[in-house]
Structures are given as structure tokens and as C-alpha cells.
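Structural features, examined
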Amino acid sequence: MSLILKTGAIRTRPTKVLPTNRVGFQRQLDILRAYAIHGLAGKAVTNEQVANTVNMKSETASLCNAFFSDIQFIQKTDAGYVPSAEVLSFN
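So, here's what we can say about the structure. As the structure is a computational prediction, the values presented were derived from the model and not from experiment.

**A short note on the overall build of the protein chain**
The secondary structure content of the protein chain amounts to five helices and four strands. By principal-axis analysis of the C-alpha atoms, the protein chain measures approximately 50 × 25 × 25 Å. Taking all 91 residues of the protein chain together, the buried fraction comes to 30%. Looking at the protein chain alone, contacts between residues at least 24 apart form 54% of all its contacts between residues at least 6 apart. Summed over its atoms, the accessible surface of the protein chain is roughly 6300 Å², and 54% of this surface lies on carbon and sulfur atoms.

This is the structure we're talking about:
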């Protein structure tokens, strides 16, 4: 998708999601590990479960979901997010 700026220049939107800068790298790893802890046996994990594990508000922990989903570390389902086999191995 492209945007036309006031100057007439065309700017395209990024095609990939970047990690959030609102959660530090170590905390992002902690969130990923929390998905692995709660997602054993292919269970879906909710934002609240992850947030409680890493002592963070669920709204803040969920900021990582777009990036993790884009790189296929987690997969969205109706019940929450299911971690990939690589994430489970990470734990």
C-alpha cells in the first residue's frame, strides 16, 4: 500500500512488522518464554496468562504479539495464541 504525501512523493508502507520499542529486549524474551511455559501440548495461551507470568499488564505484554505472530513464533486462534515448536524448545 502506498501513501501520497503533500509534496506529491509516494511513500510505501512497510511489509514486515518490527518488534515494539515499548518493551525491552530481555522482557520480550521473557514474554516468549511465558508462551512456551503455558503453551505446552499445543494449548492456546491468553495475554492474561503471559502478563501474570512476567508481572506486566496484559495490554503491555500484547504489544509483542504482532511481531511474534509475523515471524511465526506464535499463531493466533480464537482461544489465544499457540506457540510454535521452536518457542517450546526455547524454554
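**Thoughts on the packing of helix H1 (residues 25-38) against helix H2 (residues 47-54)**
Two numbers describe how H1 lies on H2: the axes approach to 9 Å, and their chain directions differ by 120°. One way to sum up the angle between H1 and H2 is to call them oblique. As H1 packs across H2, the resulting crossing turns out to be right-handed. Residue-level inspection shows Arg 27, Asp 30, Ile 31, Ala 34, Tyr 35 and His 38 of H1 in contact with H2, the latter providing Asn 47, Gln 49, Val 50, Thr 53 and Val 54. A per-class count over the contact of H1 with H2 returns five nonpolar, four polar and two charged.

**Describing the side chain of Gln 28**
Tracing the chain through its elements places Gln 28 in helix H1. The class for Gln 28 is buried, based on a relative accessible area of 9%. Within the structure, Gln 28 has its side chain in polar contact with the backbone oxygen of Thr 20 (distance 3.1 Å). Only 2.7 Å separates the side chain of Gln 28 from the backbone oxygen of Val 23, close enough to count as a polar contact. In contact with Gln 28, other than residues within four places in its own chain, are Pro 19, Thr 20, Val 23, Cys 64 and Phe 68.

Calculation notes
- Residues numbered from 1 in each chain as written.
- Predicted model: local features only at pLDDT ≥ 70, side-chain atom pairs only at ≥ 80, totals over all residues.
- Heavy atoms only, no water.
- Helix = DSSP H or I, 4+ residues; strand = E, 2+ residues; numbered from the N terminus.
- Buried < 20%, exposed > 50% of the residue type's maximum accessible area, 1.4 Å probe, protein only.
- Contact = heavy atoms within 4.5 Å.
- Areas by Shrake-Rupley, 256 points an atom, 1.4 Å probe, with all protein chains shown as cover.
- Axes fitted to C-alpha atoms, helices over the stretch in contact; angles between N-to-C directions.
- Parallel < 35°, antiparallel > 145°, perpendicular 65-115°, else oblique.
- Left-handed = near helix turned anticlockwise from the far one by under 90°.
- Nonpolar A, V, L, I, M, F, W, Y, C, P; charged D, E, K, R; others polar.
- Polar contact = N/O pair within 3.5 Å; in protein donor to acceptor, adjacent residues only side chain to side chain.

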